[in-house]
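Okay, here's what each chain looks like letter by letter:
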Amino acid sequence: MTVQGNDLGFPILSLITFLPLVGALLLLCVGRERLRALRNLAFLTSLVTFGVSLPLPFSYDRTTAAVQFVERANWIPSLGATYFFGLDGISLWLVLLTTFLSPIAILCSFESIKTRAKEYYIFLLILETGMLGVFLALDFFLFYVFWEVMLVPMYFLIGVWGSDRRLYSAIKFFLYTLFGSVVMLLGILAIYFYAGAQTGKYTLDVLELMRVAYPDTPVITLLGVSLSFQDLVWLAFALSFAIKVPMFPFHTWLPDAHTDAPTAGSVILAGVLLKMGTYGFLRFNLPMFPEASKHFMPMIFVLSIIAIIYGAMVCMVQPDMKRLIAYSSVSHMGFVMLGMFAFNPQGVQGSLLQMINHGLSTGGLFLAVGLIYDRRHTRLISELSGISKVMPVYATLFAIIMFASMGLPGLNGFVGEFLILIGAFQVHWVWGALAVPGIVLGAAYMLWLYQRIMFGEITKEENKALPDLSVREIATLIPIVALCFWIGLYPAPFLKAMEASVANVIETVEKGNAGKPVQGKKTAGSVGGSAVRRFDGSTALIAQLPSRPTASQDEGGR
């Protein structure tokens, strides 16, 4: 991966990242009794941050996989840590998604948050800085700092402004994520010392560490499975990212955190925080440890299929709307992981696009649930029926976002799921076939949810006088609806921007440590002009990957 200069002439990435933090500091100077001023300043800060981020896709060079808008400065020379920010096709849309959803999350909180509002908005802005830093940092020390910083505000958002079991959910979220972070830190230290010993230069620069070939010869056997240094470090990173996704069976913190978080917390958690896990796999695991990624591909496929089916089936029996949508995230993120580990352009591009799609549609669904909760103070499906008769605007916008989540053609979810399925079928038809029931079940639980809360007779007196959406509430949903249609009808700009970076990751995985491409062939088909690469042995259940050499074979071959 190469580096391209910053043609804009000013540090736009730092400006985007730290503007919310500046806003948080300004909020400290505002009295807590000035509720309107607190709201407006927080919203204005996040809106300006979004505005500053808008030039990125227009100035981004789509013809190269190079890291762009680079900002680099010495930071801690004794550690080899640098202040290194950069952007490529993998992180571009995730940064835009973060700056897009943050003002919406703040706007939706105007009426629901009345106690400790000052601290609430400060934590939301600090959280935005942490999320942006994770997607932009290209130094492991800097990345880890932002990764840990992001945990603290989310912990307080759930623990202080959440619902009944908020303390339990906040602690569970924190402990799960912290455990994964500690294991990832061990992985970072392992590659830091190994690369330093090999090159004589100890650095935490991600791009420098990506140029080192980590050994793939077995060094330990666990439960009858031979594992190399590369495998062990891959697992250290993967555990942290799998918890964040969350992948089955590390998903149990998610329904609790979603159910008890305030609406804005659920929107940010589903829209952005879960993508940090999938981003980590795509940014670090695949290009840094290609042989290990191919080695663990079958495991990821199996866990992804389980997540897709299991998450969808659990949704069918949920009595709580928020919990239902939370489990739907387990299913949707299973699709993301399935496409990513297909190692072909359609699968990986579909995976990256589906990260954005899920952030929009699921974030929108949590907004919709929050709007009805503010009126009825319940999320139980049994307490709501016939809502469309008194809230037609709400019912219409809810339906559009629901169809986007289901993957209805013409909306954003369809494009991402279609590309992922193409990628899975290219590996082997069985993987694609196993994933398809997840789409059918997804339509079933979403339509059944909609039927129960929107149609039928109004059985509760409290539902007969519910006011429809206000202008402010419509303003939180309309931008999401517009993007759902845009990506669904014209996804080319989004796919084109990520094309070169995705092709670079796939090429790195195919070549592996030895710098030689995996024996394979190219087949017809492309996404935006990129040839579809397909592994040999397409008649096997799992693509035939290069056999893992023994230590003696490796010494003789090298």
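Computed from a predicted structure; not experimentally measured. (Residues numbered from 1 in each chain as written. Predicted model: local features only at pLDDT ≥ 70, side-chain atom pairs only at ≥ 80, totals over all residues. Heavy atoms only, no water.)

(A) Structural view of the overall build of the protein chain. Helix and strand content of the protein chain: 22 helices and six strands. Here the C-alpha radius of gyration of the protein chain, 23 Å, is about what a compact globule of 558 residues would show, namely 24 Å. With the principal axes as the frame, the protein chain shows a C-alpha extent of 80 × 55 × 45 Å. For the protein chain, buried positions account for 60% of its 558 residues. Accessible surface computed for the protein chain: about 20,200 Å², of which carbon and sulfur atoms make up 66%. The positive charge centre, built from 37 side chains, and the negative charge centre, built from 33, are 3 Å apart in the protein chain. (Helix = DSSP H or I, 4+ residues; strand = E, 2+ residues; numbered from the N terminus. Rg over C-alpha atoms; globule rule 2.2 N^0.38 Å. Buried < 20%, exposed > 50% of the residue type's maximum accessible area, 1.4 Å probe, protein only. Areas by Shrake-Rupley, 256 points an atom, 1.4 Å probe, with all protein chains shown as cover. Lys, Arg positive; Asp, Glu negative; His and termini not counted. Charge placed at Lys NZ, Arg CZ, Asp CG, Glu CD.)

(B) Just helix H19 (residues 429-454), in detail. Here H19 contains 26 residues, and its C-alpha end-to-end distance of 38 Å stays within 8% of the 38 Å for a straight helix at 1.5 Å per residue. Where H19 is concerned, the buried positions are Val430, Trp431, Gly432, Ala435, Gly438, Gly442, Tyr445, Met446, Leu449, Tyr450, Ile453 and Met454. For H19, the secondary structure elements touched by its buried residues are helix H14 (297-315), helix H15 (321-340), helix H16 (345-376), helix H17 (392-406) and helix H18 (412-427). At the exit of H19 stands Gly456, carrying a positive phi of roughly 85°. (Expected span 1.5 Å × (residues − 1). Contact = heavy atoms within 4.5 Å.)

(C) A look at the pairing of strand S1 (residues 68-76). Bridge count between S1 and strand S2 (residues 81-87): six bridges; the pairing is antiparallel. Paired with Glu71 across the strands is Phe85, a residue of S2. Hairpin connection from S1 to S2: four residues lie between these consecutive antiparallel strands, with Gly80 at a positive phi of about 80°. (Pairing = 2+ DSSP bridges.)

(D) Quick look at the nonpolar core. Membership of the largest hydrophobic core comes to 191 residues, with the highest contact counts inside it found for Phe281 and Phe341. A total of 15 residues in this core trace back to one element, the largest contributor, which is helix H12 (residues 263-288). Here Phe281 is in contact with Trp234, Ala238, Phe241, Ala242, Val245, Met247, Leu286, Pro287, Met337, Met340 and Phe341, once residues within four sequence places are set aside. (Core = buried A, V, L, I, M, F, W, Y, C linked by side-chain atoms within 4.5 Å.)

(E) View of H17. Across its 15 residues, H17 extends 21 Å between first and last C-alpha, which sits within 8% of the 21 Å expected from 1.5 Å per residue. Burial analysis of H17 places eleven of its 15 residues in the buried class, the great majority of the element. If you check which residues of H17 are buried, you get Tyr394, Ala395, Leu397, Phe398, Ala399, Ile400, Ile401, Met402, Ala404, Ser405 and Met406. Where H17 is buried, its residues meet H15, H16, H18, H19 and helix H20 (471-489). After H17 finishes, the residue Gly407 shows a positive phi value of roughly 90°.

(F) Focus on the pattern of salt bridges. Under the definition given, this model contains 17 salt bridges. Between Arg323 and Asp256 there is a salt bridge; the shortest N-O distance is 3.3 Å. Here Arg323, found in helix H15, pairs with Asp256, found in helix H11 (residues 253-260); they are 67 residues apart in sequence, far enough to count as distant. (Salt bridge = Lys/Arg side-chain N within 4 Å of Asp/Glu carboxyl O.)

(G) Broad picture of the packing of H17 against H19. For the pair H17 and H19, the least separation of the axes is 9 Å and the interaxial angle reads 170°. Here H19 runs roughly antiparallel to H17, going by the angle between their axes. Counted together, Tyr394, Ala395, Thr396, Phe398, Ala399, Met402, Phe403 and Met406 of H17 and Ile439, Gly442, Ala443, Met446, Leu447, Leu449, Tyr450, Ile453 and Met454 of H19 form the full contact between these two elements. Considered class by class, the residues forming the contact of H17 with H19 number 15 nonpolar, two polar and no charged. (Axes fitted to C-alpha atoms, helices over the stretch in contact; angles between N-to-C directions. Parallel < 35°, antiparallel > 145°, perpendicular 65-115°, else oblique. Nonpolar A, V, L, I, M, F, W, Y, C, P; charged D, E, K, R; others polar.)

(H) Highlighting a nonpolar patch on the surface. Residues Val219, Ile220, Leu222, Leu223, Leu232, Leu235 and Met299 make up a contiguous nonpolar surface patch of about 640 Å² in total accessible area. Only strand S3 (218-222) and helix H10 (229-244) provide two or more residues apiece to the nonpolar patch. Tallying contributions element by element places S3 first for the nonpolar patch, with three residues. Mapped onto the elements of the fold, Ile220 is located in strand S3. According to the relative accessible area criterion, Ile220 is partly exposed, its value standing at 35%. (Patch = residues over 30% accessible without salt bridge, like charges linked within 9 Å, V, L, I, M, F, W, Y side chains within 5 Å.)

(I) Spatial organisation of the environment of Leu38. Along the polypeptide, Leu38 turns up in helix H2 (residues 35-53). In sequence terms Leu38 and Tyr120 are 82 residues apart; their C-alpha atoms lie 9.8 Å from each other. Among all residues touching Leu38, those that are not within four sequence positions of it are Leu27, Val30, Gly31, Arg32, Lys118 and Tyr121.

(J) Up close: the confidence of the model for the protein chain. For the protein chain, mean pLDDT is 86; residues scoring 70 or higher make up 91% of the total. Taken together, the stretch residues 514-558 has pLDDT below 50 and engages in 83 contacts with residues farther than four places along the chain or on a different chain. (pLDDT = per-residue confidence, 0-100.)

(K) Here's a closer look at the environment of Thr396. Mapping Thr396 onto the fold places it in helix H17. Taking the C-alpha atoms as reference points, Thr396 and Ser91, 305 residues apart in sequence, are found 32 Å from one another.

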